[in-house]
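# Structural overview for review
This is what each chain is made of:
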Amino acid sequence: MPSSARTHTRSGICSPLTNEASMRLSRYFLPTLRETPSEAEIASHRLMLRAGMIRQSSAGIYSWLPLGYKVLRKIEQIVREEQNAIGCQEILMPTIQPADLWKEGTGSGRYDDYGPEMLRIKDRHDRDMLYGPTNEEQITEIFAASARSYRDVPKLMYHIQWKFRDEVRPRFGIMRGREFLMKDAYSFDLNATAGRISYNKMFVSYLRTYERMGLTAIPMAADTGPIGGDMSHEFLILADTGESEIACHKDFVDRKLADKDIDFDGDLQPIVDSYTSQYAATDEKRDLDAEKALGDDLVTARGIEVGHIFYFGTKYSKPLGAVVTDSDGKEITVEMGSYGIGVSRLVGAIIEASHDDDGIIWPDAVAPFKAGIINLKAGDDACTQACDDAYNNLLSKGVDVLYDDRNTRAGAKFADMDLIGVPWQLIIGPRGLKSRTVELKHRSSGEREEISLESAQTQLLV
RNA sequence: CGGGACGUGGCGCAGUCUGGUAGCGCACCUCGUUCGGGACGAGGGGGUCGGUGGUUCGAAUCCACUCGUCCCGACCA
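Residues numbered from 1 in each chain as written. Chains lettered and ligands numbered in written order. Predicted model: local features only at pLDDT ≥ 70, side-chain atom pairs only at ≥ 80, totals over all residues. Heavy atoms only, no water.

### Here we look at the protein's contact with RNA strand B
What counts, and what does not: Residues are labelled near a given molecule or strand when at least one of their non-hydrogen atoms is within 4 Å of it. Throughout this description, a polar contact denotes any pair of N or O atoms lying within 3.5 Å of each other; where both atoms belong to protein, one of them has to be capable of donating a hydrogen while the other can accept it, and for residues adjacent in sequence the pair is counted only when both atoms sit in side chains. Where helices and strands are cited, they refer to DSSP runs of H or I of at least four residues and of E of at least two residues respectively, numbered from the N terminus. For this scheme, ten residues count as nonpolar: Ala, Val, Leu, Ile, Met, Phe, Trp, Tyr, Cys and Pro. Four count as charged, namely Asp, Glu, Lys and Arg, and the remainder, Gly too, count as polar.
Near RNA strand B, the surroundings consist of 38 residues, among which R34, R169, G177, E305 and R448 are the closest. Protein-proximal atoms of RNA strand B, defined as those within 4 Å of the protein, fall in sugar or phosphate at a share of 44%. Within the side chain of R34, an N or O atom sits 2.4 Å from a sugar or linking oxygen of RNA strand B. Going through the elements one at a time, β2 (54-58), α9 (410-420), α10 (430-434) and β23 (437-442) are the ones with two or more residues in the surface near RNA strand B. Per-element accounting of the surface near RNA strand B gives the leading share, 7 residues, to α9. Class assignment of the residues belonging to the surface near RNA strand B gives a composition of 12 nonpolar, 8 polar and 18 charged.

Here it is in structure tokens:
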């Protein structure tokens, strides 16, 4: 690609690396709201509406506007990269599934159990279909149809797809929608020992995934259902407005993975053990004796579930006939696990964990733009020239930047930029330019520096 | 699914009790003065009150039904 295609003029640019468009705000569809729509109660819902990220279509179903969709894709991409990093392979399964996959006799047998939460549809031939609330049946059928030998396992596959659960009571905006974007992964192994290896990969991968988003997620033992054992964990992040009460050892609160460079083919059990050996429990799993023993090390807080992994053995492989032949020529029903991350929910969860009275405070990794340029006086030639130059320069260096070039008052620009929560604000006005300075404001700390335009731009390149 | 609310220009609300064909703030458009944390003045556009059916001379207001949305609870990524 010729370089001229990358460094162009006034209409924003696509970085060849990220394919994320920087933007002049005068051309961007960013319908911010000064007042909160009355239906929004919690912070993330309020702020997502006010920041022009989403609009509601019907109860629990939302459209994603440019700003919101950009964040959603950033989160999705982090999830994708971390799944790929453990050898989990991306596929894409349909949203609409044939009911036979779920019915007794022809499928898993949970068609009747699932209840009205599953959206059932008939096609024109009067065949029963459904909008998938999850994909265990589908992936198992795919695997079963082609896997023959023990050499075909282990396998890890995932997809990132919209799901639908017809919640009785959708609420909290995107956090508890009926339609939601979810990463769900599935593991296929020859036996439980191998299954644990797959489970551990996911466990550690999840810790890394959330950490990359600027979150501390705490794994907590969850109900294992009919299988039993210790192979089901929910991952929760702490937020004052969280949906459930949790209790854990205080070491979890800011815990980071000690080893950044993990060998996923090595033994992950010690890492998993280092997490699971410490106390952490959701409301229904709390153990008061254990908590008493912790004394001052106990922390109680509120949490939001952002992931759930579990191992379910042959629950689906058996009815759907996912069988391979082992080295002795014996038929083995494969052992499976499934591993979910609520991608769209994470957008709301991150906001719950990171906002203030003025708006959202995006962690760097998921911020829709790295920086915003505020032109304090759009009518001033010198000021506009300085802003244009800074914008074009940052673009050419690959910095994703939102340039507020609108001809509105400064106050409105400050308010909008704080609301949408980009990490850095480059504030340029005629007054500062007289002494060749601009203001660089850091959204999360609130710190402002009066520095030269050049050094401000240099800082944004880091 | 139980309990509770609400539905009036894009957003936030008043008007409903005590029927007389719609109002305020913000936003929007024009002009002028402004312009470093959501300006000021003047002028202007936009709604027939979620829908349907009743009562009435007359309904945003009363009655019935219906649709939608939100909140609490049970349930869940």
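### Considering the environment of T134
Selection criterion: Residue burial is assigned from relative accessible area. The probe radius is 1.4 Å, only protein chains are included, and a residue is buried under 20% of its type maximum, exposed over 50%, and partly exposed in between. Only heavy atoms matter for contacts: two residues are in contact if any of them lie within 4.5 Å across the pair.
Note on placement: T134 falls in the loop between β7 (128-131) and α3 (136-146). Judged by its relative accessible area of 6%, T134 falls in the buried class. Distance from T134 to G195, taken between C-alpha atoms, is 20 Å for residues 61 residues apart in sequence. Ignoring sequence-local partners within four residues, the contact set of T134 consists of Q97, W102, R110, Y114, K163, R165 and Y186. Here E136 takes part through its side chain, which lies 2.6 Å from a polar atom of the side chain of T134.

### Comments concerning the confidence of the model for chain A
As a reminder of what qualifies: Confidence scores per residue from the predictor, reported as pLDDT, run from 0 to 100.
Looking at chain A, the pLDDT average stands at 92 and 95% of residues meet or exceed 70. Here residues 1-19 is a poorly scored stretch, pLDDT under 50, and it has 23 contacts once near neighbours within four places are set aside; other chains count. If you check the scores for this complex, the pTM reads 0.94 and the ipTM reads 0.95.

### Remarks on the sheet that holds strand β5 (residues 96-98)
What counts here: Paired strands are those between which DSSP finds at least two bridges. Interaxial angle, 0 to 180 degrees, is taken between N-to-C directions of lines fitted to C-alpha atoms, where a helix line uses only the stretch in contact.
Pairing in this open sheet of 3 strands is antiparallel, and the strands run β5-β7-β6 from one edge to the other. Lying at the two open borders of the sheet, with one neighbouring strand each, are β5 and β6 (119-122). Across the sheet, the axes of successive neighbouring strands diverge by a mean angle of 35 degrees, strand direction being ignored. Bridge count between β5 and β7: 3 bridges; the pairing is antiparallel.

### Quick word on the packing of aromatic side chains
The following threshold applies: Only the six-membered ring of Trp is used, alongside the rings of Phe and Tyr, when aromatic pairs are assigned; centres must lie within 6.5 Å, and planes under 30 degrees apart are stacked while those over 60 apart are edge-to-face, with the rest tilted. Two thresholds decide whether a charge sits over a ring: the Lys NZ or Arg CZ must be within 6 Å of the ring centre and within 35 degrees of the ring normal.
Throughout the structure, instances matching the rule amount to 14 aromatic pairs. With a centroid separation of 6.0 Å and an interplanar angle of 90 degrees, the aromatic rings of Y206 and Y210 are classed as edge-to-face. One end of the pair, Y206, and the other, Y210, are both in helix α4 (residues 192-212), 4 residues apart, so they sit about a helical turn from each other. Classification of Y206 as buried rests on a relative accessible area of 0%. The class for Y210 is buried, based on a relative accessible area of 0%. Between F252 and Y275 the ring centres are 6.1 Å apart and the planes differ by 35 degrees, which places this aromatic pair in the tilted class. Remark: Y275 occurs in helix α5 (residues 269-276) and F252 occurs in the loop between β12 (244-249) and α5; sequence separation between them is 23 residues. For Y275, a relative accessible area of 4% puts it in the buried group. Grouping aromatic residues by their ring pairs yields a cluster made of F203, Y206, Y210, F235, F252 and Y275. The cationic tip of K103 hangs over the ring face of Y111; the distance from NZ or CZ to the ring centre is 5.2 Å. Geometry around Y275 places R255 over its ring, the cationic atom sitting 3.7 Å from the centre.

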